[in-house]
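A structural walkthrough
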Amino acid sequence: MDLSRSNVRRETSPFGLLKSMDPILLVTSVALTGFGVLAVYVAGDDKGYSYALNQILGLVLGLAGAVPLALMDYRRLKQYLPFIYGLTLFLLLAVTVVGISVKGAQRWIDIGPVQIQPSEFAKLLVVVVLAGYFADHRLGDNVTFLKSLGIIALPALLVFAQPDLGTALVFGALFFVMAFIGGAKLYQLGCLVTSVVVLAVLAIQFGLLEEYQIARLTAFLDPSGFTTEGYQLFQSKIAIGSGGITGKGLDATTLANLGFLPEDHTDFIFSNLAERTGFVGGVLLLGLFFVLIWRILHVATVSRDRFGILIATGIATIFLFHVFVNIGMTMGLMPVTGIPLPFISYGRSNLVVSVISLGLLQSIAMRSKKDA
């Protein structure tokens, strides 16, 4: 019997690959998902049970995509980059045609009893497309840099038009970080930042932003102002502060229960949690996110190819941007942009994509160990 062939078969079998996954990344993601189910349950009051079941359904759907993706060699995705990019544009165009409007934003598509938010899936798909492009092209050339900018500009503009300013900003952060890792020159990135600032000023001057978007971006400067956004920030900071060191308890009567904290199960779920679990609970949650992003960056460092490095970097950017902006806005440190807190905020699409992202990361981690 050829023992070397037997070892190869064992290493490339599903069970052999699963043994090579990153255990810390797996445990941390499970802990965050459990934290999220508990968070939406206690935040939902009389709807808490329904919210928790929907989150669990999102986890199951995410695992249905994450497990096959983890077992598949992620490098095979490079063969399908045009299809992946086309799928991204199709989903974003579809929502403009058949999407449903909620609170003035057309971001969701009804598929039977389920609603999906294409922009959430677009973030991960764009990461894969950019990673493939950057892996095969050096960005020192200005033409190549502009082509890569065009790749992300189209989906970003489609998302901005929904309107979804928060997710459009995620695309901007994605491009900046991935282009830097991909080898872009500092002057190219500097010109990009300058152009974005100029365009933002022009957008405000010519009324391209909705009034509520401008209010969201400026309310953090004066949260005591008589606006809906200012009211949200003011109540959010009161909720966080009233939690104290250990919180009021999961079953306590809170500002959210009394109707003083809007969007307490989505955008401002961290405020709700901080009031119930206090400083200790908030630090525990931040610690879990720190470990998650650390392990994602670890996957990037052990990856054996640029494609894997760039995918892991892009996913880390998505999670870090979401966590930094969402928690920052609840404390009045960042503008209110409507970006959810990964794994924690109520919403199936975001949870499904987050779980699928971790499956892709495990594929990179497992192949890195196998190739070592």
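Residues numbered from 1 in each chain as written. Predicted model: local features only at pLDDT ≥ 70, side-chain atom pairs only at ≥ 80, totals over all residues. Heavy atoms only, no water.

A separate point is the confidence of the model for the chain. The predicted coordinates of low-pLDDT regions are not to be read in fine detail. Across the chain, the average pLDDT comes to 85, with 87% of residues at 70 or higher. Between residues 1–11, whose pLDDT stays under 50, and residues either more than four places distant or in other chains, the model counts five contacts. (pLDDT = per-residue confidence, 0-100. Contact = heavy atoms within 4.5 Å.)

What follows deals with the packing of helix H8 (residues 165–182) against helix H13 (residues 306–330). Contact pair H8 / H13: the axes reach a minimum separation of 9 Å and the direction vectors enclose 145 degrees. Crossing of H8 against H13: the hand is right-handed. Of H13, the residues touching H8 (which contributes Gly166, Leu169, Val170, Ala173, Leu174, Val177, Met178, Ile181 and Gly182) are Arg306, Ile309, Leu310, Thr313, Gly314, Thr317, Ile318, Phe321 and His322. Partitioning the contact of H8 with H13 into residue classes produces 11 nonpolar, six polar and one charged. (Axes fitted to C-alpha atoms, helices over the stretch in contact; angles between N-to-C directions. Helix = DSSP H or I, 4+ residues; strand = E, 2+ residues; numbered from the N terminus. Left-handed = near helix turned anticlockwise from the far one by under 90°. Nonpolar A, V, L, I, M, F, W, Y, C, P; charged D, E, K, R; others polar.)

It is worth spelling out the side chain of Gln117 at this point. Among the structural elements, Gln117 can be located in the loop between strand E3 (114–116) and helix H6 (118–136). Not counting residues within four places of it along the chain, the set of residues in contact with Gln117 comprises Arg107, Trp108, Asp164 and Ser349.

With antiparallel pairing, three strands are arranged side by side in an open sheet as E1-E2-E3. Bordering the open sheet on either side are strand E1 (100–102) and E3, each of which pairs with just one other strand. Between one strand axis and the next, the sheet turns by 45 degrees as a mean value, whatever way the strands run. Across three bridges, strand E2 (residues 105–111) lies against E3 in antiparallel orientation. (Pairing = 2+ DSSP bridges.)

What follows deals with the packing of aromatic side chains. The relation between two aromatic rings is expressed through the spacing of the ring centres and the mutual angle of the planes. Going through the model one piece at a time under the given rule, you end up with six aromatic pairs. With a centroid separation of 4.4 Å and 40 degrees between ring planes, the pair formed by Tyr51 and Tyr346 is classed as tilted. Here Tyr51, found in helix H4 (residues 48–71), pairs with Tyr346, found in the loop between H13 and helix H14 (348–371); they are 295 residues apart in sequence, far enough to count as distant. Accessibility expressed as a relative area gives 13% for Tyr51, which makes it buried. Between Phe319 and Phe343, the aromatic rings sit 5.7 Å apart at their centres with planes inclined by 20 degrees, giving stacked as the arrangement. In this pair, Phe319 sits in helix H13 while Phe343 sits in the loop between H13 and H14, placing the two residues 24 residues apart along the sequence. Phe343 gets classed as buried once you look at its relative accessible area, which sits at 1%. (Phe/Tyr/Trp six-rings, centres within 6.5 Å; stacked < 30°, edge-to-face > 60°. Buried < 20%, exposed > 50% of the residue type's maximum accessible area, 1.4 Å probe, protein only.)

This brings us to the nonpolar core. If you look at the biggest cluster of nonpolar residues, it comprises 81 residues, and the most contacted ones within it are Phe343 and Ile344. Every residue in contact with Ile344, bar those within four places of it in the chain, is listed here: Leu32, Phe35, Gly36, Ala39, Val40, Gln55, Ile269, Leu273, Leu285 and Phe289. Of all hydrophobic cores here, the second largest spans eight residues; its members include Leu255, Leu261, Phe268 and Met329. (Core = buried A, V, L, I, M, F, W, Y, C linked by side-chain atoms within 4.5 Å.)

This next bit is on H6. Its 19 residues give H6 an end-to-end C-alpha distance of 27 Å, which sits within 8% of 27 Å, the value for a rise of 1.5 Å per residue. With 17 of 19 residues buried, H6 is to be regarded as a mostly interior element. (Expected span 1.5 Å × (residues − 1).)

The next subject is the pattern of salt bridges. The full count for this structure, using the stated rule, is five salt bridges. Lys123 is the salt-bridge partner of Glu120, the closest N and O atoms lying 2.8 Å from each other. Pair noted here: Glu120 and Lys123 are both in helix H6, with a separation of three residues, about one helical turn. We note that Glu120, like Lys123, is buried. For Lys248, the salt bridge goes to Glu275, with nearest N and O atoms at 2.7 Å. A residue pair is termed long-range when its members are at least 10 positions apart, and Lys248 in the loop between helix H11 (228–242) and helix H12 (269–302) and Glu275 in helix H12 qualify at 27 residues. By relative accessible area, which is 0% here, Glu275 ends up buried. (Salt bridge = Lys/Arg side-chain N within 4 Å of Asp/Glu carboxyl O.)

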